[in-house]
Amino acid sequence: MPHHLSRREFGLCAAAAGAVLATGEVAVGQPTEPLKIRISWVVVPASFAPLLLEKKDLLKHFGKSYVAEAIRFQGTPSVITALAANEVDIGSLAFSAIGLAIENAHLDDLRVFADEVQDGVEGYLSNEFMVLKDGPIRTVEDLKGKVLATNVMGSAVDIAMRSMLRQHRLEASRDYTIVEAPFPTMKAMLNDKKVDLISAVPPFSLDPGLREVSRTLFTQRDAFGTTQLTAWTARAGFLQKNRAAMVDLMEDVLRSIRWYTDGANHQEVVGIVAGLMKQPPERFDWVFTKRDQYRDPNGIPNLAALQQNLLKQKEVGLLSASIDVNKYADLGIVEEAAKRLR
């Protein structure tokens with residue numbers, strides 16, 4: 001016989017259904033699916049996303065409140081495009097790209113929320129600008145009329161190079177020529193005298209073959225001081241909507257960064273990086289040491305440095321507007337995550 005609900009029974013069922021909708025749980029008490037977070041990366045070891053996923057035993061919240069996917073990009077411009085199209089959730093952006101994302105892509109809701117890697121911190125590695133050891137270039141002034149290689153016009157190293165030459169009253173196009181070249185090809189270009197100066201970043205700057213034939217004319221630290229080389233960024237709506245899961249993610253990220261930078265784990269760390277790069281481990285004995293660039297153990301980006309970096313970008317003509325970094329920062333998530341690990 002069909003069972004007709006009393007008014008009291010109907011009320012209890014309606015209340016239960018409302019609780020299911022409110023909590024996001026099904027009737028048997030199973031939670032909703034973990035949030036999928038798509039994180040961009042460009043190159044290891046500067047980009048942390050692939051390294052994060054190599055040590056899932058450190059990720060206490062993975063598979064519970066979130067899951068993460070590392071998505072590779074060839075360079076920063078495509079990351080800006082993906083952020084604008086909501087095709088990636090966390091964009092690893094160089095300081096130069098942060099300015100362009102705000103000014104050119106009109107991402108007014110872009111937020112810098114965590115550090116990834118910093119250049120020029122005292123006691124740590126800085127990108128190098130190198131010339132032939134036995135060549136005629138002895139000073140920055142000697143670069144007048146010469147050909148300089150950068151990876152991409154408007155990149156962080158390109159802006160540092162232009163800024164250093166501007167300090168010596170040399171301007172691009174008027175006093176010297178810039179050509180673009182992939183980092184792996186620069187050693188041969190310098191050795192074959194196709195260019196007079198190259199931009200050298202790790203791991204390429206640490207190539208013994210390069211160091212045998214070249215010397216460092218100046219570093220990025222000489223040009224800029226400290227650089228917020230790359231930072232993790234996201235759009236404000238994503239951070240606000242998913243704040244709890246993002247705090248869980250950043251707790252796991254900070255735990256992982258501390259593990260990677262702990263000297264007791266160095267041999268395993270070298271093996272992980274070598275595996276991702278598909279190269280012999282002996283080439284990576286410098287990773288996550290003081291011969292590498294700096295990573296803040298609490299994930300806090302250097303906003304003062306970032307402000308100065310964007311000012312230099314404007315000075316060399318690659319940014320039109322003055323950008324107030326504090327307006328585009330949200331450090332609450334990473335600060336809460338760091339508190340959990342104290």
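A brief report on the enclosed structure follows. Numbers given to residues run from 1 along each chain, matching the order in which its sequence is written. Totals for whole chains, interfaces and linings use all residues, but because this is a predicted model, local features are given only for residues with pLDDT of at least 70 and pairs of side-chain atoms are given and counted only at 80 or more. Side-chain descriptors were evaluated using all non-hydrogen atoms of the structure, hydrogens and water having been removed beforehand.

**Points about the environment of Lys133**
Thinking step 1. Considering the arrangement of structural elements, one finds Lys133 in the loop between β5 (128–132) and β6 (147–150).
Thinking step 2. When the C-alpha positions of Lys133 and Thr76 are compared, they lie 32 Å apart, and in sequence the two are 57 residues distant.
Thinking step 3. Here Arg211 takes part through its backbone oxygen, which lies 3.5 Å from a polar atom of the side chain of Lys133. Each helix corresponds to a stretch of at least 4 residues labelled H or I by DSSP, and each strand to a stretch of at least 2 residues labelled E; elements are numbered beginning at the N terminus. Counted as a polar contact is a pair of N or O atoms within 3.5 Å, where, for protein atoms, one must be capable of donating a hydrogen and the other of accepting one, and residues adjacent in sequence contribute only when both atoms are in side chains.

**Description of the sheet that holds β5**
Thinking step 1. Sheet architecture is open: three strands sit in the order β8-β5-β9, paired in antiparallel fashion. A strand with exactly one partner marks an edge of an open sheet, and here the two such strands are β8 (198–200) and β9 (214–219). On average, adjacent strands in this sheet sit at an angle of 40 degrees to one another, irrespective of strand direction.
Thinking step 2. Two strands pair when backbone bridges link them, and β5 and β9 are joined in this way by five bridges, in the antiparallel orientation. Bridged to Phe129 within β9 is Phe218. Strand pairing is assigned whenever DSSP detects at least two bridges linking the two strands. The convention used is that axes are lines fitted to C-alpha atoms, helices contributing only their stretch in contact, and that angles between N-to-C directions extend from 0 to 180 degrees.

**Considerations on the nonpolar core**
Thinking step 1. Ranked by internal contacts, the top residues of the largest apolar core, which has 103 residues, are Leu93, Phe113, Leu165, Leu197, Phe218, Met246 and Met250.
Thinking step 2. If one sorts the elements of this core by residue count, helix α10 (residues 243–260) sits on top with nine residues.
Thinking step 3. Non-local contacts of Leu197, meaning those with residues more than four positions away in its chain, are made with Phe129, Met130, Val131, Leu143, Val147, Leu148, Ala149, Met161, Leu190, Leu217 and Phe218. Nonpolar cores are built from buried Ala, Val, Leu, Ile, Met, Phe, Trp, Tyr and Cys residues. Side-chain atoms within 4.5 Å join them into one set. Buried, partly exposed and exposed residues are distinguished by accessible area as a fraction of the type maximum, computed with a 1.4 Å probe on protein chains only: under 20%, between the cut-offs, and over 50%, respectively. The contact criterion used is simple: two residues touch if any of their non-hydrogen atoms lie within 4.5 Å.

**Considerations on the environment of Glu171**
Thinking step 1. Secondary-structure assignment places Glu171 in the loop between α5 (156–167) and β7 (177–180).
Thinking step 2. Distance in space between the C-alpha atoms of Glu171 and Val316 is 8.6 Å, their sequence separation being 145 residues.
Thinking step 3. Once residues within four sequence positions are removed from consideration, Glu171 is found in contact with Arg166 and Tyr176.
Thinking step 4. Among the polar contacts made by the side chain of Glu171, one reaches the side chain of Arg166 at a distance of 3.1 Å.

**Brief notes about the pattern of salt bridges**
Thinking step 1. We define a salt bridge as a contact between a side-chain nitrogen of Lys or Arg and a carboxyl oxygen of Asp or Glu at a distance within 4 Å. Per the counting criterion, the structure on display carries 19 salt bridges.
Thinking step 2. One salt bridge connects Lys55 with Glu268, and the closest N-O pair in it is separated by 3.1 Å. Residue Lys55 is located in the loop between α2 (49–54) and β2 (66–72), and its partner Glu268 is located in helix α11 (residues 266–277); the two are separated by 213 residues in the primary sequence.
Thinking step 3. When the shortest N-O distance is used, the salt bridge between Asp285 and Arg291 registers 3.1 Å.
Thinking step 4. Look at the salt bridges and you will find they share partners, linking Asp248, Glu251, Asp252, Arg255 and Arg340 into a network.

**Concerning the packing of aromatic side chains**
Thinking step 1. Aromatic rings from Phe, Tyr and Trp, with only the six-membered ring used for Trp, were paired whenever their centres fell within 6.5 Å, and each pair was classed as stacked if the ring planes differed by under 30 degrees, edge-to-face if by over 60, and tilted otherwise. One pass over the full model with this rule turns up eleven aromatic pairs.
Thinking step 2. Summarising the aromatic geometry, the rings of Trp259 and Tyr260 are spaced 5.1 Å apart at their centres and angled 85 degrees between planes, so their arrangement reads as edge-to-face.
Thinking step 3. Overall, the relative accessible area of 1% leaves Tyr260 in the buried class.
Thinking step 4. Plain terms: the ring middles of Tyr260 and Phe288 are 5.2 Å apart, the flat faces sit at 35 degrees to each other, and that makes the pair tilted. Residue Tyr260 is located in helix α10, and its partner Phe288 is located in the loop between α11 and α12 (303–315); the two are separated by 28 residues in the primary sequence.

**Concerning the sheet that holds strand β10 (residues 227–235)**
Thinking step 1. Spatially, β3-β10-β4 is the arrangement adopted by the three strands of the open sheet, whose pairing is antiparallel. Each end of this open sheet is capped by a strand with a single partner; those strands are β3 (91–94) and β4 (110–119). Averaged over all adjacent pairs, the angle separating strand axes in this sheet is 30 degrees, with direction ignored.
Thinking step 2. Inspection of the sheet shows β4 paired to β10 by seven bridges, in the antiparallel sense. For Val112, the partnering residue across the bridge sits in β10 and is Thr233.
Thinking step 3. Running over the sheet, α12 touches β4 and β10 and is turned about 100 degrees from β10.

**Details of unusual backbone geometry**
Thinking step 1. Across the junction of Val44 and Pro45, the peptide omega takes the value 10 degrees, indicating a cis bond.
Thinking step 2. Take Pro45: it is sitting in the loop between β1 (35–41) and α2.
Thinking step 3. In this model, Pro202 is joined to Pro203 through a cis peptide bond whose omega is 10 degrees.
Thinking step 4. Tracing the sequence through the fold places Pro203 in the loop between β8 and α7 (208–213).
Thinking step 5. Even without being glycine, Asn86 reaches a positive phi, approximately 55 degrees.
Thinking step 6. Tracing the sequence through the fold places Asn86 in the loop between α3 (76–84) and β3.
Thinking step 7. A relative accessible area of 49% places Asn86 in the partly exposed class.
Thinking step 8. At Arg169, a residue that is not glycine, the phi angle is positive and equals roughly 60 degrees.
Thinking step 9. Along the chain, Arg169 falls in the loop between α5 and β7.

**Some words on α3**
Thinking step 1. Those residues of α3 that fall on the buried side of the exposure criterion are Val79, Ile80, Ala82 and Leu83. Here the buried residues of α3 occupy an arc of 165 degrees about the axis, which is enough to place them on one side. Every exposed residue of α3 that faces more than 90 degrees away from the buried side is listed here: Pro77 and Thr81.
Thinking step 2. A positive phi of about 55 degrees marks Asn86, the residue just after α3. As used here, the arc is the angular range of directions from the helix axis to the C-beta atoms.

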